[in-house]
Amino acid sequence: NGQIWTEGATSYTFNSAANAWVRNAAAGGVQSFTHTQAAAVTPWVINHNLGFTPGGVTVSNLAGGEVGYDDVSHPTVNQTVISFLVAQAGTARLS
């Protein structure tokens, strides 16, 4: 533990328990983003400006129940696109 790796403006710390490099919080502590999609559409185009490709994507409907999605893509490190078989409204949590 205590090993730090830096790539550009992003730094990572080695977590020996997980045997993996973990991305450190960006300046200001921003590590996640929550998107609210009020109208049912597909796909959801989310401009999150996290500066990294989120590894975790969780989608919930407006009632708070988890929703499955058809596909997730990351055209840039600041944008995520979530596609559904049927248009959805709700929230997406990216981390």
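Let us look at the structure shown here. (Residues numbered from 1 in each chain as written. Predicted model: local features only at pLDDT ≥ 70, side-chain atom pairs only at ≥ 80, totals over all residues. Heavy atoms only, no water.)

### Looking at the sheet that holds strand 4 (residues 33–41)
Within a sheet, adjacent strands bond to each other through the backbone by hydrogen bonds, running parallel or antiparallel.
And then number 1: Taken in spatial order, the 3 strands make up an open sheet running 4-9-6, and their pairing is antiparallel. Strands at the two margins of the open sheet, each flanked by one partner only, are strand 4 and strand 6 (57–61). For this sheet the average axis-to-axis angle between neighbouring strands, irrespective of direction, equals 20°.
And then number 2: As paired elements, strand 4 and strand 9 (residues 88–94) share 6 bridges and run antiparallel to each other. From the neighbouring strand, Thr-34 faces strand 9, where its bridge partner is Arg-93. (Pairing = 2+ DSSP bridges. Helix = DSSP H or I, 4+ residues; strand = E, 2+ residues; numbered from the N terminus. Axes fitted to C-alpha atoms, helices over the stretch in contact; angles between N-to-C directions.)

### Details of the pairing of strand 8 (residues 79–83)
And then number 1: Direction of pairing for strand 5 (residues 44–47) relative to strand 8: antiparallel, over a ladder of 4 bridges. The residue of strand 8 that forms the bridge with Asn-47 is Gln-79.
And then number 2: Here strand 7 (residues 71–76) pairs with strand 8 via 4 bridges, running antiparallel. By the bridge assignment, Val-72 is partnered in strand 8 with Ile-82.

### Quick word on the sheet that holds strand 5
And then number 1: Read from one edge to the other, the open sheet built from 3 strands follows the order 5-8-7, with strand pairing classed as antiparallel. Strand pairing shows two members of the sheet lacking a second neighbour, strand 5 and strand 7, which therefore form its edges. For this sheet the average axis-to-axis angle between neighbouring strands, irrespective of direction, equals 20°.

### Some points on the nonpolar core
And then number 1: In terms of nonpolar packing, the biggest core is built from 11 residues, these being Trp-44, Ile-46, Leu-50, Phe-52, Val-57, Val-59, Val-67, Ile-82, Phe-84, Ala-92 and Leu-94.
And then number 2: Among the elements of the structure, strand 5, strand 6 and strand 9 are those that each provide at least two residues to this core.
And then number 3: Setting aside chain neighbours within four positions, we find Ile-82 in contact with Pro-43, Trp-44, Ile-46, Val-57, Val-59, Tyr-69, Asp-71, Val-72 and Ala-92. (Core = buried A, V, L, I, M, F, W, Y, C linked by side-chain atoms within 4.5 Å. Buried < 20%, exposed > 50% of the residue type's maximum accessible area, 1.4 Å probe, protein only. Contact = heavy atoms within 4.5 Å.)

### What about the environment of Val-57?
And then number 1: Within the secondary structure layout, Val-57 lies in strand 6.
And then number 2: Separated by 23 residues in sequence, Val-57 and Thr-34 have C-alpha atoms that sit 9.8 Å apart.

### Some words on unusual backbone geometry
And then number 1: Omega for the bond connecting Thr-42 with Pro-43 falls within 30 degrees of zero, at 0°, which places this linkage in the cis form.
And then number 2: On the secondary structure map, Pro-43 appears in the loop between strand 4 and strand 5.
And then number 3: Unusually for a residue other than glycine, Asn-49 sits at a positive phi of about 55°.
And then number 4: Along the chain, Asn-49 turns up in the loop between strand 5 and strand 6.

Remember, this is a structural readout, not a statement about activity or role.
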